[in-house]
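# Geometric and topological summary
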Amino acid sequence: MVLDIYIALCGYRYGDLLALARILAIRAITLTATLIGIVLVTAIILGPTSDKLLNAIVNEDVRAYSQALRQRAAGGALNQSEIDALVAQYRDQLIRAYALDRPWYERIIPLAITILKLDLGRAGTITSFTGSNDVRDIILERIPPTIMFLTTATLINIALGLSLGPLLAFRRGGLLDRFFSIYSAISYALPAWWLGLMLIYIFVYRIPIFPPPTGLLSPNPPSDPLGRFLDMASHAVLPIITFVLATSGVWIYITRAIVVRIVEEDFVYVAKAKGLHDRVIMRSYIMRAAAPPIATNAILGLAGSLGGAILTETIFNWPGLGRLFYDAIGAQELPLILGLTYITALVYVVARMILEILYIFLDPRVRY
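Residues numbered from 1 in each chain as written. Predicted model: local features only at pLDDT ≥ 70, side-chain atom pairs only at ≥ 80, totals over all residues. Heavy atoms only, no water.

Moving on to the overall build of the protein chain. Helices and strands together make up the secondary structure of the protein chain, namely 13 helices and zero strands. Taken from N to C terminus, the helices and strands of the protein chain fall in the order α-α-α-α-α-α-α-α-α-α-α-α-α. Looking at the 368 residues of the protein chain, the share that counts as buried comes to 39%. (Helix = DSSP H or I, 4+ residues; strand = E, 2+ residues; numbered from the N terminus. Buried < 20%, exposed > 50% of the residue type's maximum accessible area, 1.4 Å probe, protein only.)

Here it is in structure tokens:
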């Protein structure tokens, strides 16, 4: 029934729908192959490097263990031969735990295949807030802070772009357009990390409006749910302001550029010649034609927000996915890096498929 109504409204025939279904299936296969390729290439690139770094980690752990045993031996608990035997045993355990008894190319492919099955494995040194070293637990607990910070900031940017971009395009050359052209250039030129440091210095230490960047909560947060939420929100405001100031200019200018191209089309001049009100022209003629590229920008921006913002999250000590990526690279946690890469690529693939379907509804002329 719904299909029949859609066919009637959009003028599709069943043959057209079968062709669209075939194209969407090809897109799904292509994107899935891209996802597999990203994980395999990342694993192969990191493989030889991880081998050297894992050996360094093993040597450091063995050195600390040997030192602890020698302190015990000072009291007469162990002799030298017992210490050597225990150290050798500990080294063998670590080598087997990190799978260093096999060449890296024998470890990487099974690890990548396991991750593609969403069995993300366990991290070595990084743990979740509850102490779990399961990579899935670590990633899942970092998603809500990332949504609270980066997705909120992206939604604000999208709202600013949609509200200001068409207005500036329709009144291009005016005072408001010139002001936001300058603002966009400044916003694009400002590094988010530098802006974050400046805002922390001003609004945390010189004019203490916001709390210090201690992460999600204060060191001694309120125990009641409302108090904890307000405490968390107060910590999120400054990172959100930083990211919006550093990126909103690009969003506004891109939306303006998309709409400006359509404002110059002949059908818009015809609508003006008919005496239609500007609001009707904007809603029924311009925004309808601009919807596909604006939707592309918005959905890919939201998908990209789930990857986190490494530098901004690090500056504000915000425990999101960007900060986790930074920590995982620093600790050379290969399963965690591959897990994050896989999740980020998976979100992109899902967003692309949503766009492919959305194009059909936004522009029924789409026939591929």
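Back to the text.
The N-to-C vectors of helix 9 (residues 266-273) and helix 10 (residues 278-305) enclose an angle of 175 degrees; their axes lie 11 Å apart at closest approach. The pairing of helix 9 with helix 10 is recorded here as roughly antiparallel in orientation. Residue-level inspection shows Phe267, Val268, Ala271 and Lys272 of helix 9 in contact with helix 10, the latter providing Ile281, Tyr285, Ile286 and Ala289. Partitioned by chemical class, the residues of the contact of helix 9 with helix 10 number seven nonpolar, no polar and one charged. (Axes fitted to C-alpha atoms, helices over the stretch in contact; angles between N-to-C directions. Parallel < 35°, antiparallel > 145°, perpendicular 65-115°, else oblique. Contact = heavy atoms within 4.5 Å. Nonpolar A, V, L, I, M, F, W, Y, C, P; charged D, E, K, R; others polar.)

You will see that Asn317, though not glycine, has its phi angle at about 55 degrees, which is positive. Topologically, Asn317 is positioned in the loop between helix 11 (310-315) and helix 12 (321-331).

Along the chain, Pro212 falls in the loop between helix 7 (192-206) and helix 8 (225-263). Assessed through its relative accessible area of 42%, Pro212 is described here as partly exposed. Not counting the four nearest positions on each side in its chain, Pro212 is found in contact with Val204, Tyr205 and His235.

Looking now at helix 8. Given a rise of 1.5 Å per residue, 39 residues ought to cover 57 Å, yet the end C-alpha atoms of helix 8 are separated by just 50 Å, more than 12% below that figure. Along its length, helix 8 shows its largest kink, about 45 degrees, at Thr247. (Expected span 1.5 Å × (residues − 1). Bend = angle between axes of the 7 residues up to and from the residue.)

The subject of this paragraph is the packing of aromatic side chains. Under the definition given, this model contains six aromatic pairs. Taking the centre distance of 6.0 Å and the plane angle of 80 degrees together, the rings of Phe149 and Phe243 count as edge-to-face. Here the residue Phe149 occupies a position in helix 5 (residues 135-170), and Phe243 occupies one in helix 8, the gap between them amounting to 94 residues. Classification of Phe149 as buried rests on a relative accessible area of 0%. (Phe/Tyr/Trp six-rings, centres within 6.5 Å; stacked < 30°, edge-to-face > 60°.)

Let us look at the side chain of Ser184. With respect to the helices and strands, the residue Ser184 is situated in helix 6 (residues 175-189). Those residues within four positions of Ser184 in sequence are excluded, and the remaining contacts are Gly249 and Tyr253.

So, about a nonpolar patch on the surface. Together, Trp193, Trp194, Leu197, Met198, Tyr201, Ile202, Tyr205, Ile207, Ile209, Ile310, Leu311 and Tyr326 give the surface a local cluster of nonpolar side chains, amounting to about 1,200 Å² of exposed area. Sorting the residues of the nonpolar patch by element identifies helix 7 and helix 11 as the ones contributing at least two each. In terms of residue count, the dominant contributor to the nonpolar patch is helix 7 (seven residues). Relative to the helices and strands, Ile207 resides in the loop between helix 7 and helix 8. (Patch = residues over 30% accessible without salt bridge, like charges linked within 9 Å, V, L, I, M, F, W, Y side chains within 5 Å. Areas by Shrake-Rupley, 256 points an atom, 1.4 Å probe, with all protein chains shown as cover. Salt bridge = Lys/Arg side-chain N within 4 Å of Asp/Glu carboxyl O.)

Interaxial distance between helix 5 and helix 13 (residues 334-362) falls to 10 Å at its minimum, and their mutual angle equals 50 degrees. Looking at the two axes, helix 5 sits oblique to helix 13. Crossing handedness for the pair helix 5 and helix 13: right-handed. In this structure, helix 5 contributes Val135, Ile138 and Ile139 to the contact, and helix 13 contributes Pro335, Leu336, Gly339, Leu340 and Ile343. Residue composition of the contact of helix 5 with helix 13, by class: seven nonpolar, one polar and no charged. (Left-handed = near helix turned anticlockwise from the far one by under 90°.)

Turning to the pattern of salt bridges, a few remarks are in order. The tally for this structure, following the rule as stated, stands at five salt bridges. Salt-bridge contacts for Arg172 lead to Glu264; the nearest nitrogen and oxygen are separated by 2.5 Å. With Arg172 in the loop between helix 5 and helix 6 and Glu264 in the loop between helix 8 and helix 9, this residue pair connects regions lying 92 residues apart in the sequence. Here Arg172 falls in the partly exposed class, since its relative accessible area comes to 33%. One salt bridge in this structure joins Glu356 and Arg352, with 3.1 Å as the shortest N-O distance. Pair noted here: Glu356 and Arg352 are both in helix 13, with a separation of four residues, about one helical turn. When its relative accessible area of 5% is taken as the criterion, Glu356 is described as buried. Overlapping salt bridges bring together Arg27, Arg352 and Glu356 as one network.

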